[in-house]
Amino acid sequence: QVQLVESGGGLVQPGGSLRLSCAASGSIANIYAMGWYRQAPGKQRELVARITSGGYTSYADSVKGGFTISRDNAKNTVDLQMNSLIPEDTAVYYCHTTVGSAVAGFNYYWGQGTQVTVSS
């Protein structure tokens with residue numbers, strides 16, 4: 001089992017910044033990728049950003065240029081720096097991790113979520 005603990009959500013004005021952090025613990029010997037998803041009210045959960053153990057990153061088109069994902073493999077943490085926030089970024093943000101390999105198979109874990117509200 002893997003436990004994910006998020007921090008850093010809150011209320012911010014449009015144009016402001018927030019930094020989300022997620023720490024993984026437990027059976028984390030083979031973390032393949034870590035990332036962030038978000039779910040706004042009435043909408044499906046969507047990928048925001050993802051980073052593999054090798055450092056390959058991917059972003060949702062809507063956040064490219066404004067959000068940056070980073071990872072510390074030694075500490076098993078992943079951060080999401082969010083700049084130039086807009087009201088449409090309001091959502092519950094979930095940390096996610098993929099553990100395993102193509103040979104052994106993958107398991108997926110979620111954090112409990114942290115609320116991000118962008119409003120004046």
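Residues numbered from 1 in each chain as written. Predicted model: local features only at pLDDT ≥ 70, side-chain atom pairs only at ≥ 80, totals over all residues. Heavy atoms only, no water.

A.B. asks: Help me get a handle on the environment of L4, residues and values and all.
C.D. replies: You can see L4 is positioned in strand β1 (residues 2-7). The class of L4 is buried, set by a relative accessible area of 8%. Considered as a pair, L4 and W110 are 106 residues apart in the sequence and their alpha carbons are 6.6 Å apart. When near neighbours in sequence (up to four residues on either side) are disregarded, L4 contacts C22, A23, A24, M34, C95, H96, T97, Y109, W110, G111 and Q112. (Helix = DSSP H or I, 4+ residues; strand = E, 2+ residues; numbered from the N terminus. Buried < 20%, exposed > 50% of the residue type's maximum accessible area, 1.4 Å probe, protein only. Contact = heavy atoms within 4.5 Å.)

A.B. asks: Could you give an account of the sheet that holds strand β7 (residues 67-72), with specific residues and numbers?
C.D. replies: The antiparallel open sheet is built from four strands, whose spatial order is β1-β3-β8-β7. Only two strands of the sheet have a single neighbouring strand rather than two, namely β1 and β7. Across the sheet, the axes of successive neighbouring strands diverge by a mean angle of 15°, strand direction being ignored. Bridge count between β1 and strand β3 (residues 18-26): six bridges; the pairing is antiparallel. Following the sheet pairing, Q3 is matched in β3 by S25. (Pairing = 2+ DSSP bridges. Axes fitted to C-alpha atoms, helices over the stretch in contact; angles between N-to-C directions.)

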